[in-house]
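The chain contents come next:
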Number of protein chains: 2
Amino acid sequence: MMNNLKTITLKKESKSFNGYTRFYEHDSSSTKTKMRFATYEPKEKTDKALIWLSGLTCTHENFITKAAAQEFLSDRNLMVICPDTSPRGLDLPGEHEEFYFGSGASSYLDATSEGYKDHYNMYSYVNEEIYTILQEEFGIKVISIFGHSMGGHGAISIALKNPKKYRSVSAFAPVVNPLKSSWGAYALPRYFKPEDVKLWREYGSLQLIEDGYKFPGKILIDQGGADEFLNVHIHLDEFEKACQTGKQELELKYRIGYDHGYFYIASFIEEHIKFHDESLSFSD
Amino acid sequence: MMNNLKTITLKKESKSFNGYTRFYEHDSSSTKTKMRFATYEPKEKTDKALIWLSGLTCTHENFITKAAAQEFLSDRNLMVICPDTSPRGLDLPGEHEEFYFGSGASSYLDATSEGYKDHYNMYSYVNEEIYTILQEEFGIKVISIFGHSMGGHGAISIALKNPKKYRSVSAFAPVVNPLKSSWGAYALPRYFKPEDVKLWREYGSLQLIEDGYKFPGKILIDQGGADEFLNVHIHLDEFEKACQTGKQELELKYRIGYDHGYFYIASFIEEHIKFHDESLSFSD
């Protein structure tokens, strides 16, 4: 596999549950910056991969270090790829001022505002560039997508708009209605030109469902009951209602007492990996 | 359990595999500083605990965040406690100059040199103070000890000197001969007064075995074959020889291709927890 790596550079690797946890860097055509991502690659060659999208303030390292996923990925012979949560090394206006906008907070959208439109194209980065890297550099044939918080929303919105590209989608505590969250209220007008306010709905999981987008399989959402962001930024009740109206199949798992962090994610990551494995292993 | 916590303060907790990952702070009588530790406490009340000692540069957070141990501790109803690797918040001469001496690098010894003797009493801190906290604050009756690198050595040397206090001992990549490592060569003369050079041997796992100390059960040592420190600082071959001569039972597991980090530890943590659980669950 290593011989095929033409456009990406392996920076670090550690053997891990018989496979390898790896860290790569590459020049991204979407963001026009260097981008970093982490992977777990099981021992046996696989053609099945999961894309994991992390939340606000995270990097490509959080999931691979803290989610305890390698054991279950190894057991099921699945690869995971964890992109960074935004371009890095830039100094755009306001880019580093708030944790919910700019660096570490891309919202996985393609920006249109001055400055940001040249680099903050994380929707295309994930859905096109990372997707192609999986196919061409890692020999992956079938792909599912999941994520956490802002990245859970990223996973759902990307899957809704590209249902043929992803076998399954799941999320932990996804910010499904960024248009209603104060995080989104701050970020969206800064990522889009004023005349592009209509584009906001294309980056709201809830709005996509309302506008008729549909994922052919069940959307699996996991939510901690003690999540401090639940009723402020997450608004799952509204998403559930929209799914009912739009006849989008949804499974919502409430976990009593669990918060928003990686100790919670680690507790249930096995269920999500099993869920995706079942879709990824299904032969048409 | 929470009602008994008189001398320690809970700073943060996250539900985790039905139990809780917790972070505490307390005023230590051994170090005369505030000390922090992390725990995993399973859902059901338990009287069995493991002490984990981390390596150079680590804090009380590394193991609990990166080792993926909670799942297996929960399954077996065991508590773990992870002390910090040194006192913090001090500014002793040379304390923050090298990563292998001073802050983050206590070597789990009781120092006798000027300044350090007042605070760097991590041997007593672990073996007396943490031990008593486990008994009095958490209702623990039986205790085992394990660790990584400097902390693996700490675990072995503490268990060898206190065989009745610990049911079992294991280590990942332990620095068993600090007297031969350049890390120890730098640290030991700074932790001890010149006239206390004889004390060095009391803090060498290898030297303790040579001097007739013995642990009644098997010492389990885990070692990655691609560990960059193996032949520079770890010297397991010498320890193996000393154990043969001293008739100390030892099981040495080499893991081909694994390095020195937590991706390696996570890959084999289940085996170590199982090993300790068998000793901790044994009724006299």
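None of the values given here were measured: they were computed from a predicted structure.

Chemist: Looking at this structure, I do not really get the overall build of chain A. What am I missing?
Modeler: A tally of helices and strands in chain A yields nine helices and nine strands. The C-alpha atoms of chain A give 18 Å as radius of gyration, which agrees with the globular expectation for 284 residues (19 Å, within 12%). Counting only contacts in chain A whose residues sit at least 6 apart along the sequence, the fraction spanning at least 24 positions is 71%.

Chemist: Explain the sheet that holds strand 4 (residues 48–53) of chain A to me, please; I cannot follow it from the model alone.
Modeler: Strand pairing in a sheet relies on backbone hydrogen bonds, with the paired strands running either antiparallel or parallel. Ordered in space as 1-2-3-5-4-6-7-8-9 (chain A), the nine strands form an open sheet in which the pairing is mixed. Of all strands in the sheet, those bounded by a partner on one side alone are strand 1 (8–16) and strand 9 (250–255) of chain A. Going from strand to strand, the sheet's axes swing by 20° on average, the running direction of each strand aside. Strands in contact with helix 9 (residues 262–280) of chain B are strand 1 and strand 2 (19–27) of chain A; relative to strand 1 of chain A, the strand with the most contacts, it is inclined by about 35°.

Chemist: I tried to follow unusual backbone geometry on my own but got confused; where do I start?
Modeler: Across the chain, the bulk of peptide bonds are trans and the bulk of non-glycine residues have phi less than zero. With a phi close to 75°, A:Thr57 is a non-glycine residue in the positive phi region. Of note, A:Thr57 is situated in the loop between strand 4 and helix 1 (62–66). Positioned with a positive phi, B:Lys32 is a non-glycine residue whose angle comes to about 55°. Relative to the elements of secondary structure, B:Lys32 occurs in the loop between strand 2 (19–27) and strand 3 (34–41). You can call B:Lys32 partly exposed: it has 13 C-beta atoms within 10 Å.

Chemist: Explanation requested: the interface of chain B and chain A in the structure shown.
Modeler: Accessible area lost when the parts come together is the quantity often used to give the size of an interface. Counting from both sides, the interface comprises 19 residues of chain B and, opposite them, 19 residues of chain A. Put simply, the parts of the chain that give the side of chain B that touches chain A at least two residues each are strand 1 (8–16), helix 1 (62–66), helix 2 (70–76) and helix 9 of chain B. The greatest single-element share of the side of chain B that touches chain A, amounting to four residues, is contributed by helix 9 of chain B. Here the residues of the side of chain B that touches chain A are counted per class, giving seven nonpolar, eight polar and four charged.

Chemist: Teacher, can you tell me more about the sheet that holds strand 3 of chain B here?
Modeler: Residues and elements named next belong to chain B. With respect to topology, nine strands assemble into an open sheet ordered 1-2-3-5-4-6-7-8-9, the strand pairing being mixed. Lying at the two open borders of the sheet, with one neighbouring strand each, are strand 1 and strand 9 (250–255). Ignoring strand direction, the axes of neighbouring strands in this sheet form an average angle of 20°. Direction of pairing for strand 4 (residues 48–53) relative to strand 6 (residues 142–148): parallel, over a ladder of six bridges. Directly across from Ala49, in strand 6, lies its bridge partner Ile143.

Chemist: What is the right way to read the pairing of strand 8 (residues 219–224) of chain A from this model?
Modeler: Look at any regular strand and the pattern is simple: side chains alternate between the two faces of the sheet. All names here are of chain A. The element strand 8 is largely enclosed, with a buried count of six among its six residues. Here strand 8 shows a buried face lined by Ile219, Ile221 and Gln223 and a second buried face lined by Leu220, Asp222 and Gly224. Relative to strand 8, strand 7 (residues 169–172) is paired through four bridges, and the arrangement is parallel. When the sheet's bridge partners are listed, Ala171 is paired in strand 8 with Ile221. By the bridge criterion, six bridges tie strand 8 to strand 9 in an arrangement that is parallel. Of the residues in strand 9, the one forming a bridge with Asp222 is Lys253.

Chemist: Can you walk me through the nonpolar core in this structure?
Modeler: Judged by nonpolar contacts, the single largest core of 174 residues is most densely connected at A:Val80 and B:Val80. In this structure A:Val80 touches A:Thr39, A:Tyr40, A:Ala49, A:Leu50, A:Trp52, A:Ala69 and A:Leu73, once residues within four positions along its chain are discounted.

Chemist: How should I be thinking about the environment of A:Thr59 in this particular structure?
Modeler: Residue and element names in this part refer to chain A. Within the element layout of this structure, Thr59 appears in the loop between strand 4 and helix 1. A residue is classified by how many C-beta atoms lie within 10 Å of it, and Thr59, with 20 of them, is buried. Between the C-alpha atom of Thr59 and that of Arg76, which follows or precedes it by 17 residues, the distance is 25 Å. If we ignore the near neighbours within four places in the chain, the residues touching Thr59 are Asp84 and Thr85.

Chemist: Looking at this structure, how should I read helix 4 (residues 150–161) of chain A?
Modeler: What sets the pattern is the α-helix's 3.6 residues per turn: residues three or four places apart point alike. Residue and element names in this part refer to chain A. Taking 1.5 Å of rise per residue, the twelve residues of helix 4 would be expected to cover 16 Å, and the 17 Å separating its terminal C-alpha atoms lies within 8% of that figure. Among the twelve residues of helix 4, eleven are classified as buried, and the element is accordingly described as predominantly covered. Met150, Gly151, Gly152, His153, Gly154, Ala155, Ile156, Ser157, Ile158, Ala159 and Leu160 are the residues of helix 4 that are buried. Where helix 4 is buried, its residues touch strand 4, helix 3 (122–138), strand 6 (142–148), strand 7, helix 6 (205–210) and strand 8.

Definitions and limits used
Residues numbered from 1 in each chain as written. Chains lettered and ligands numbered in written order. Predicted model: local features only at pLDDT ≥ 70, side-chain atom pairs only at ≥ 80, totals over all residues. Helix = DSSP H or I, 4+ residues; strand = E, 2+ residues; numbered from the N terminus. Rg over C-alpha atoms; globule rule 2.2 N^0.38 Å. Contact = placed C-beta atoms within 7 Å. Pairing = 2+ DSSP bridges. Axes fitted to C-alpha atoms, helices over the stretch in contact; angles between N-to-C directions. Buried ≥ 20, exposed ≤ 12 C-beta atoms within 10 Å, placed from the backbone. Nonpolar A, V, L, I, M, F, W, Y, C, P; charged D, E, K, R; others polar. Core = buried A, V, L, I, M, F, W, Y, C linked by C-beta atoms within 7 Å. Expected span 1.5 Å × (residues − 1).

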